[in-house]
Amino acid sequence: MEKIRTAVIGCGKVGHFHAYAYQHCENSQLVACLGRNMEKTKAFAAQYGIRAYTDLERMVRETGVQAVSICTPHPDHGNIAVRCCELGLHIAVEKPLAASLEDCDAMIAAANEAGVTGTTICQRRFYRPAMRVKKAIDDGKLDKPILGTVNMLGWRDMAYYHSDPWRGTWKGEGGGVLINQAPHQLDLLLWYMGDIAELYGVWDTLNHPELEVDDTAAAIIRFKSGAIGNIVVSNSQNPALFGNVRVHGSNGASVGVQTDGGAMFIAGVSGIAEPPVNDLWTVHGEEDMLERYKAEDRAFFNSIDSIHYFHIRQLEDFLSAIIGKRKPLITLEDGRKTVELITGIYRSCRDDMPVKFPLAPENRGGFDGRLK
């Protein structure tokens, strides 16, 4: 089997997920890592038996790396991804793709110019119940999707925000719950419902007074298909973690996936408390399948290394796409759509009016039009 020489850029909590995954992908040979602090980077490298670097060009020259995962704080994704593309590297970018549409567009253009493959990490698409919802839609079991909803109610205490200096700030994070905790559910909504025509959104900081950014947000969406969407996300519900995405059809059938439940997941700190399951299934003739699906998904969840399994599946697809010269199942353009949705909510709240799509980068005001 052909193997791609891989490396991880960013040696923090999420970087460990990618390093572990690459060492367990059949089509990967993990060779290096890149960080800002050599002492920290050497410790990361020693854990995986790879070479440590603080200089990207030197890493490429000395190791022959072909593909990298970018696991830095997301405001740094754009510049790093563009430079990697210029060096001919294929890129897997952690969620969210970037903190601004300008950075999204720059890395997409750079990847196209260099002819390299790019993906953004949305591993919840590989959850079996999430895939089951998509298949039901594609198979016409809902007739036409007419309503899609996202609810993501969780909790982050101030110890979490203090765990890294960039968290909870506009400069370091580019936003709050919308851009850090909610992208997975928002990606699923867009995967199921398609492109957005218009939205009205609001956000606020309700019970984290030290934060600059949002801990709660909501939006009403009109999709290009004519369907309606509703989003409610929050880091202000304690104790809680409840995340689901549901789709309702014109024939009265409804399907849903609970992506998260039990307790808040923090990369490198805690595990996944509850398995992802279908939490709603009223497809005609399949109403009695819900409990069977739940049982199957719980059994599968308990049979795998749930912390790493889905990252491995997505990175295997990324590397297979490189080898097969095809698009990965999740593209950079998919990642941009999620950032566009997030940006739309911020801009709508700023202007107190609906925002029409598509959105372009905006230099007026702060942080791609997020602030007044």
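Everything that follows concerns the structure shown earlier in this document.
Residues numbered from 1 in each chain as written. Predicted model: local features only at pLDDT ≥ 70, side-chain atom pairs only at ≥ 80, totals over all residues. Heavy atoms only, no water.

1. So, the environment of Val233
Working step 1: As for its placement among the helices and strands, Val233 is situated in strand β10 (residues 228-234).
Working step 2: Separated by 51 residues in sequence, Val233 and Ala182 place their C-alpha atoms 6.8 Å apart.
Working step 3: Not counting the four nearest positions on each side in its chain, Val233 is found in contact with Val150, Met152, Val177, Leu178, Ala182, Asp215, Thr216 and Ala217. (Helix = DSSP H or I, 4+ residues; strand = E, 2+ residues; numbered from the N terminus. Contact = heavy atoms within 4.5 Å.)

2. Some details on the nonpolar core
Working step 1: If you look at the biggest cluster of nonpolar residues, it comprises 89 residues, and the most contacted ones within it are Met59, Val68, Ile91, Tyr192, Ile231, Val233 and Leu341.
Working step 2: Sequence-distant contacts of Leu341, that is, excluding residues within four places in its chain, are made with Leu186, Leu190, Ile196, Leu199, Ile221, Ile231 and Phe357. (Core = buried A, V, L, I, M, F, W, Y, C linked by side-chain atoms within 4.5 Å. Buried < 20%, exposed > 50% of the residue type's maximum accessible area, 1.4 Å probe, protein only.)

3. Details of the sheet that holds β10
Backbone hydrogen bonds hold the strands of a sheet together, and the pairing may be parallel or antiparallel.
Working step 1: With respect to topology, eight strands assemble into an open sheet ordered β13-β12-β11-β7-β10-β9-β8-β14, the strand pairing being mixed. Both edges of this open sheet fall to β13 (277-281) and β14 (355-356), since each of them pairs with a single strand only.
Working step 2: One ladder, built from seven bridges, connects strand β11 (residues 236-249) with strand β12 (residues 254-261); its direction is antiparallel. Residue pairing in the sheet places Arg246 in a bridge with Gly256 of β12.
Working step 3: Here helix α10 (residues 183-193) sits on the sheet and contacts β7 (145-155), β8 (196-204), β9 (216-223), β10, β11 and β12; the angle it forms with β7, its principal contact strand, is near 175°.
Working step 4: Against the sheet, helix α13 (residues 332-351) engages β8, β9, β10 and β14, with an angle of about 60° to β8. (Pairing = 2+ DSSP bridges. Axes fitted to C-alpha atoms, helices over the stretch in contact; angles between N-to-C directions.)

4. A few points about the environment of Pro96
Working step 1: Topologically, Pro96 is positioned in the loop between β5 (90-93) and α5 (101-114).
Working step 2: In the structure, Pro96 is positioned 251 residues away from Arg347 in sequence and 18 Å away in space, judged by C-alpha atoms.
Working step 3: Setting aside chain neighbours within four positions, we find Pro96 in contact with His74, His77, Ile179, Pro183 and Val339.

5. Some points on the pairing of β8
Working step 1: As paired elements, β8 and β9 share eight bridges and run antiparallel to each other. If you follow Tyr200 over to β9, its bridge partner there is Ile220.
Working step 2: In terms of strand pairing, β8 meets β14 through two bridges, oriented antiparallel. Bridge pairing links Leu199 to Val355 in β14.

6. Considering the environment of Tyr309
Working step 1: With respect to the helices and strands, the residue Tyr309 is situated in helix α12 (residues 309-324).
Working step 2: Linking Tyr309 and Gln123, residues 186 residues apart in sequence, is a C-alpha distance of 9.2 Å.
Working step 3: Once residues within four sequence positions are removed from consideration, Tyr309 is found in contact with Phe300 and Ile304.

7. Description of a nonpolar patch on the surface
Working step 1: On the surface, a cluster of nonpolar side chains totalling about 300 Å² of accessible area is made up of Ile146, Leu147, Ile220 and Ile228.
Working step 2: Counting through the fold element by element, Ile228 comes out in strand β10.
Working step 3: Using a relative accessible area of 36% as the deciding quantity, one classes Ile228 as partly exposed. (Patch = residues over 30% accessible without salt bridge, like charges linked within 9 Å, V, L, I, M, F, W, Y side chains within 5 Å. Areas by Shrake-Rupley, 256 points an atom, 1.4 Å probe, with all protein chains shown as cover. Salt bridge = Lys/Arg side-chain N within 4 Å of Asp/Glu carboxyl O.)

8. Topic: the state of the cysteines
Disulfide: a covalent bond connecting the sulfur atoms of a pair of cysteines.
Working step 1: Scanning the model with the defined rule gives zero disulfides in all.
Working step 2: Of all cysteine sulfurs, the one in Cys71 lies closest to Cys25, which takes part in no disulfide; the gap is 13 Å.
Working step 3: Free cysteine Cys122: the closest other cysteine sulfur is in Cys104, separated by 11 Å. (Disulfide = S-S within 2.5 Å.)

9. Describing the layout of surface pockets
Working step 1: Looking at the second largest pocket, its volume works out to about 200 Å³.
Working step 2: In terms of lining residues, the second largest pocket is bounded by Ala111, Asn112, Gly115, Val116, Thr117, Gly118, Arg326, Lys327, Pro328, Thr331, Leu332 and Glu333.
Working step 3: Looking at the lining of the second largest pocket, its residues break down into four nonpolar, five polar and three charged. (1 Å grid on protein atoms, 1.4 Å probe; cavity = no way out; pocket = protein on both sides within 12 Å on 5 of 7 lines; lining within 4 Å. Points joined across faces, edges and corners; volume = space filled by probe spheres on them. Nonpolar A, V, L, I, M, F, W, Y, C, P; charged D, E, K, R; others polar.)

10. Quick word on empty space enclosed by the protein
Working step 1: Here the structure, examined in full by the defined rule, presents two cavities of 30 Å³ or more.
Working step 2: Here the largest cavity defines a volume of roughly 50 Å³.
Working step 3: As for the largest cavity, its lining consists of Lys95, Pro96, Leu97, Thr120, Cys122, Pro183, Asp187, Gly335 and Thr338.
Working step 4: At the level of secondary structure, the elements contributing two or more residues to the lining of the largest cavity comprise α10 and α13.
Working step 5: Residues of the lining of the largest cavity, tallied by class, amount to four nonpolar, three polar and two charged.
Working step 6: Secondary-structure elements contributing two or more residues to the lining of the second largest cavity are α6 (128-138) and α11 (290-303).
Working step 7: A total of three residues in the lining of the second largest cavity trace back to one element, the largest contributor, which is α11.
Working step 8: Taken together, the residues of the lining of the second largest cavity break down into five nonpolar, no polar and two charged.

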